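Analysis of the macromolecular model
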Amino acid sequence: MNAYSKSEKGYNKQLAAGYIIYMMGGSLFRKSICMNPCEESHLYLHYAAMPVRRMEETEGEVLKSLARLDGEFCRLLGELKCEVHFRREGGRYHVIFSTGGFESVEGIVDEDGRFWIEAVCAS
């Protein structure tokens, strides 16, 4: 059974990729706290509706992007807690992992499901 309303058909690539970034990006931190559980559930529905092959491909791409982050930066993140925020801006979907300090990670997904992950460390 499809968990969507009648007005919503299939899954949204942008939101499904956003969930994968949220899920895998949160593992960089000691603890991540989602600040909008309703949006988390909304993203999950799109992720769960993805074809398995596309899901695995996107997860692999996200892992590669996370692996490109600086090792020392990632070690530092592993000691920190973060808050996860979601934002739409100009057709892009942002998944923001904020530590409340100077370190943050942001995943940005375009409308076609293409994404990039940026690290910010102002030290």
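Everything here concerns the structure above.
If you're wondering where the values come from, they're calculated on a predicted model, not measured in any experiment.

What counts and what doesn't
- Residues numbered from 1 in each chain as written.
- Predicted model: local features only at pLDDT ≥ 70, side-chain atom pairs only at ≥ 80, totals over all residues.
- Heavy atoms only, no water.
- Helix = DSSP H or I, 4+ residues; strand = E, 2+ residues; numbered from the N terminus.
- Buried < 20%, exposed > 50% of the residue type's maximum accessible area, 1.4 Å probe, protein only.
- Lys, Arg positive; Asp, Glu negative; His and termini not counted.
- Salt bridge = Lys/Arg side-chain N within 4 Å of Asp/Glu carboxyl O.
- Contact = heavy atoms within 4.5 Å.
- Phe/Tyr/Trp six-rings, centres within 6.5 Å; stacked < 30°, edge-to-face > 60°.
- Pairing = 2+ DSSP bridges.
- Axes fitted to C-alpha atoms, helices over the stretch in contact; angles between N-to-C directions.
- Polar contact = N/O pair within 3.5 Å; in protein donor to acceptor, adjacent residues only side chain to side chain.

1. Observations regarding the side chain of E39
Counting through the fold element by element, E39 comes out in helix α2 (residues 37–48). With no salt bridge to any partner, buried E39 finds its closest opposite charge in R88, at an N-O distance of 4.3 Å. Not counting the four nearest positions on each side in its chain, E39 is found in contact with F86, R88 and Y93.

2. Here we look at the packing of aromatic side chains
Per the stated rule, a full pass over the model turns up 7 aromatic pairs. An aromatic cluster is built from Y19, Y22, Y44, Y47, F86 and Y93, whose rings are joined through pairwise contacts.

3. With respect to the sheet that holds strand β3 (residues 92–98)
Spatially, β1-β2-β3-β4-β5 is the arrangement adopted by the 5 strands of the open sheet, whose pairing is mixed. Two strands in the sheet have a free side with no partner beyond their single neighbour: β1 (31–34) and β5 (115–121). Averaged over neighbouring strand pairs, the angle between their axes works out to 20 degrees when direction is ignored. With 7 bridges joining them, strand β4 (residues 103–109) and β5 adopt antiparallel strand pairing. Note on β5: the bridge partner recorded for E103 is C121. Along the sheet face, helix α1 (residues 13–25) touches β1, β2 (81–89), β3, β4 and β5 and points at about 10 degrees away from the line of β3.

4. Overview of the side chain of E106
Structurally, the position occupied by E106 is in strand β4. Separated by 2.4 Å, the side chains of E106 and H94 make a polar contact.

5. Here's the deal with the environment of N12
Counting through the fold element by element, N12 comes out in the segment before α1. Between the C-alpha atom of N12 and that of G91, which follows or precedes it by 79 residues, the distance is 13 Å. Side-chain polar atoms of N12 contact the backbone nitrogen of Q14, separated by 2.8 Å.

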